[in-house]
Every structure is written in structure tokens, then in C-alpha cells.
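Structure assessment
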Amino acid sequence: MVAAFAVADWETRPSKLQHPTIPEPVPERFAREVISRLDGPILRGSMRQELMELADRLGLNRFEACLIIAQVQHRASRVPATADSTMSQPSRRSTAVAVAVAVGVQLLICATAWQLFGP
């Protein structure tokens, strides 16, 4: 569980890389590698495979590596939406046009029914 604690607060603690004689702890180093390979909150399969091989070289077991990856992905999914994700939402103008067209079609149907069947 030391790995879980180290990754949980890697953003708030100062980096130990500032001093050349103090090596960065393995879980933090691995978490930074995970972050560098993320595509948004998504980790591609090929990147996951590379990370698992790196974890093995660093001496992390498979469970610890998967736990760190899951924690990093969870944090990445909580990041606020970027401009790219808001671009896929329809604008107010396009929504207003769609509503106006729907209302117009309904009025046309009512007018046609009125003409055909009368009062």
C-alpha cells in the first residue's frame, strides 16, 4: 500500500529530482511515466503493454503497476473538460433552428389537415 500512498499525493509533494543524490521513488517515477503516455484519460493498449514491461524492469509487481495505472487514469478522468469536448455539443443557434423547423412542420401539418377536413 506504500505505492498507493505515494501516487495519491504525487502532485502535492515537491519532486525529489531536484537533488541529484536522492533518487525518485519507483511508484512516483512509474506514475509519471503513465501520465506521459495517457491520451486524455485513455491509455492505449500498446502503451499499457510498454508500461507493464517498464514496471517489471523497475521491480513493481503486476498488481502494483495496475493499481498505479488505475489511480492515474481516475485522476485524469476528473480533469475539467477541455475546449475539444465542448465543441461536440450543439450550439444554441443550431438548437433554436431545429426547434423552429419542428414547429413549422407541425403548423404545416395542422394547416393541411384543416384545409382537407375543414371545420
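Residues numbered from 1 in each chain as written. Predicted model: local features only at pLDDT ≥ 70, side-chain atom pairs only at ≥ 80, totals over all residues. Heavy atoms only, no water.

1. Some points on helix H3 (residues 45-58)
Three- or four-residue spacings in an α-helix give side chains the same orientation, since the helix completes a turn every 3.6 residues. Over its 14 residues, H3 runs 20 Å from end to end, which matches the ideal 20 Å to within 8%, given 1.5 Å per residue. Buried residues of H3: Leu51, Met52, Leu54, Ala55 and Leu58, and no others. Across the axial projection of H3, the buried residues extend over an arc of 165°, all falling on one side. Facing away from the buried side of H3, by more than 90 degrees, are the exposed residues Gly45, Asp56 and Arg57. Each element contacted by the buried residues of H3 is listed here: helix H2 (26-37) and helix H4 (62-77). Looking one or two residues beyond H3, the residue adopting positive phi is glycine 59, at roughly 90°. (Helix = DSSP H or I, 4+ residues; strand = E, 2+ residues; numbered from the N terminus. Expected span 1.5 Å × (residues − 1). Buried < 20%, exposed > 50% of the residue type's maximum accessible area, 1.4 Å probe, protein only. Arc of directions from axis to C-beta. Contact = heavy atoms within 4.5 Å.)

2. With respect to the packing of H3 against H4
The N-to-C vectors of H3 and H4 enclose an angle of 130°; their axes lie 9 Å apart at closest approach. The pairing of H3 with H4 is recorded here as oblique in orientation. Every pair of crossing elements has a handedness; the one defined by H3 and H4 is right-handed. Residues Arg48, Leu51, Met52 and Ala55 of H3 lie in contact with H4, whose contacting residues are Arg62, Ala65, Cys66, Ile69 and Gln73. (Axes fitted to C-alpha atoms, helices over the stretch in contact; angles between N-to-C directions. Parallel < 35°, antiparallel > 145°, perpendicular 65-115°, else oblique. Left-handed = near helix turned anticlockwise from the far one by under 90°.)

3. Points about the nonpolar core
Ranked by internal contacts, the top residues of the largest apolar core, which has 16 residues, are Phe30, Val34, Leu51, Ile68, Ile69 and Val72. Secondary-structure elements contributing two or more residues to this core are H2, H3 and H4. (Core = buried A, V, L, I, M, F, W, Y, C linked by side-chain atoms within 4.5 Å.)

4. Re the side chain of glutamine 73
Tracing the backbone shows glutamine 73 in helix H4. Within the structure, the side chain of glutamine 73 is placed 3.3 Å from the side chain of arginine 48, a separation counted as a polar contact. (Polar contact = N/O pair within 3.5 Å; in protein donor to acceptor, adjacent residues only side chain to side chain.)

5. Brief notes about the confidence of the model for the chain
Confidence along the chain averages 77 in pLDDT terms, with 71% of residues attaining 70 or more. Note that residues 1-17 has pLDDT below 50 and, in this model, 29 contacts with residues that lie over four places away or in other chains. (pLDDT = per-residue confidence, 0-100.)

6. Considerations on the packing of H2 against H3
For the pair H2 and H3, interaxial distance at closest approach is 11 Å and the crossing angle is 165°. Relative to H3, H2 is oriented roughly antiparallel. Crossing geometry of H2 relative to H3 is assigned as right-handed. On H3, the residues that touch Val26, Arg29, Phe30, Glu33, Val34 and Arg37 of H2 are Met47, Glu50, Leu51, Leu54, Ala55 and Leu58. Within the contact of H2 with H3, the residues separate by chemical class into eight nonpolar, no polar and four charged. (Nonpolar A, V, L, I, M, F, W, Y, C, P; charged D, E, K, R; others polar.)

7. Points about the pattern of salt bridges
Applying the stated rule across the entire model yields three salt bridges. Residues arginine 37 and glutamate 50 are paired through a salt bridge, measuring 3.4 Å at the closest nitrogen-oxygen approach. Of the two residues, arginine 37 sits in helix H2 while glutamate 50 sits in helix H3, which places them 13 residues apart along the sequence. By relative accessible area, arginine 37 is classed as partly exposed at 22%. Linked through salt bridges whose partners overlap, the residues forming this network are Glu33, Arg37 and Glu50. (Salt bridge = Lys/Arg side-chain N within 4 Å of Asp/Glu carboxyl O.)

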